[in-house]
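A structural walkthrough
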Amino acid sequence: MPRRKPRPNAPGARSQQDPRPLGDVFGRTESGPGDETFIVRTVPGTRATKTYRCPGCDHEIPPGVAHIVAWAAYGGEDDRRHWHTGCWKGRNTRTITRRWS
């Protein structure tokens, strides 16, 4: 016998006005290259629709690949950079290969 969906007015049922955020939508803070504080978000592969260039390895991040978006906490979202997840995790053991001015 199939399960019934909970009724919208039942206690504990989620309403459409209160959607659950996906992952770290608001970002988290981590130390980044150069001991700066960065705001970091994870981008799932289904939301990655463009090609980006990773500043850690200088290779492209193709569409459909999960990755990290990071920007300096003192800056703004205009300064955000897209990193491969592995490059972001290894950011303290190597230097950035590309700088933007």
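The structure under discussion appears in the preceding block.
The following refers to the structure shown. Keep in mind it's a predicted model, so treat the numbers as computed, not measured.

Analysis parameters
- Residues numbered from 1 in each chain as written.
- Predicted model: local features only at pLDDT ≥ 70, side-chain atom pairs only at ≥ 80, totals over all residues.
- Heavy atoms only, no water.
- Helix = DSSP H or I, 4+ residues; strand = E, 2+ residues; numbered from the N terminus.
- Buried < 20%, exposed > 50% of the residue type's maximum accessible area, 1.4 Å probe, protein only.
- Contact = heavy atoms within 4.5 Å.
- Pairing = 2+ DSSP bridges.
- Axes fitted to C-alpha atoms, helices over the stretch in contact; angles between N-to-C directions.
- Polar contact = N/O pair within 3.5 Å; in protein donor to acceptor, adjacent residues only side chain to side chain.
- Core = buried A, V, L, I, M, F, W, Y, C linked by side-chain atoms within 4.5 Å.
- Salt bridge = Lys/Arg side-chain N within 4 Å of Asp/Glu carboxyl O.
- Phe/Tyr/Trp six-rings, centres within 6.5 Å; stacked < 30°, edge-to-face > 60°.

1. Remarks on the overall build of the protein
- Looking only at helices and strands, the protein has one helix and six strands in total.
- Put simply, the protein runs from its N terminus to its C terminus through helices and strands in the order β-β-β-β-β-β-α.
- Across the 101 residues that make up the protein, the buried fraction comes to 25%.
- Partitioning the intrachain contacts of the protein with sequence separation of at least 6 by distance along the chain shows that 46% fall at a separation of at least 24.

2. Here we look at the sheet that holds strand S2 (residues 37-43)
- Taken together, four strands build an open sheet; the order of strands is S1-S2-S5-S6 and the sheet is antiparallel. The open sheet has two edge strands with one neighbour each: strand S1 (28-31) and strand S6 (81-83). Strand-to-strand twist across the sheet, computed as the mean angle between neighbouring axes with direction ignored, equals 40°.
- Note that strand S5 (residues 67-72) and S6 share three bridges and pair antiparallel. Its bridge partner lying in S6, Val69 is registered against His82.

3. Looking at the side chain of His82
- With respect to the element layout, His82 can be found in strand S6.
- A polar atom in the side chain of His82 sits 2.9 Å from the side chain of His67.
- If sequence neighbours within four positions are ignored, His82 has contacts with Tyr52, Arg53, Cys54, Pro55, Ile61, His67, Ile68 and Val69.

4. Here's the deal with the nonpolar core
- Listed in full, the 10 residues of the largest apolar core are Phe38, Val40, Cys54, Cys57, Ile61, Ile68, Ala70, Trp83, Cys87 and Trp88.
- Of all the secondary-structure elements, those providing two or more residues to this core are S2, S5 and helix H1 (85-89).
- When neighbours within four sequence positions are excluded, Cys54 is seen to be in contact with His59, Ile61, His82, Trp83, His84 and Cys87.

5. Considerations on unusual backbone geometry
- One non-glycine residue, Asp58, adopts positive backbone phi at about 65°.
- Within the secondary structure, Asp58 is located in the loop between strand S3 (52-53) and strand S4 (60-61).

6. Overview of the pattern of salt bridges
- Here the structure, examined in full by the defined rule, presents three salt bridges.
- When salt bridges that share partners are traced, they join Arg28, Glu30 and Arg91 into one network.

7. Examining the packing of aromatic side chains
- This structure, assessed with the given rule, holds two aromatic pairs.
- Aromatic side chains Phe38 and Trp88 sit 5.8 Å apart centroid to centroid with 65° between the ring planes, which places their arrangement in the edge-to-face category. Residue Phe38 is found in strand S2, and its partner Trp88 is found in helix H1; the two are separated by 50 residues along the sequence. Judged on exposure class, the residue Phe38 and its partner Trp88 are both buried.
- Taken together, the ring pairs in this structure connect Phe38, Trp83 and Trp88 into an aromatic cluster.

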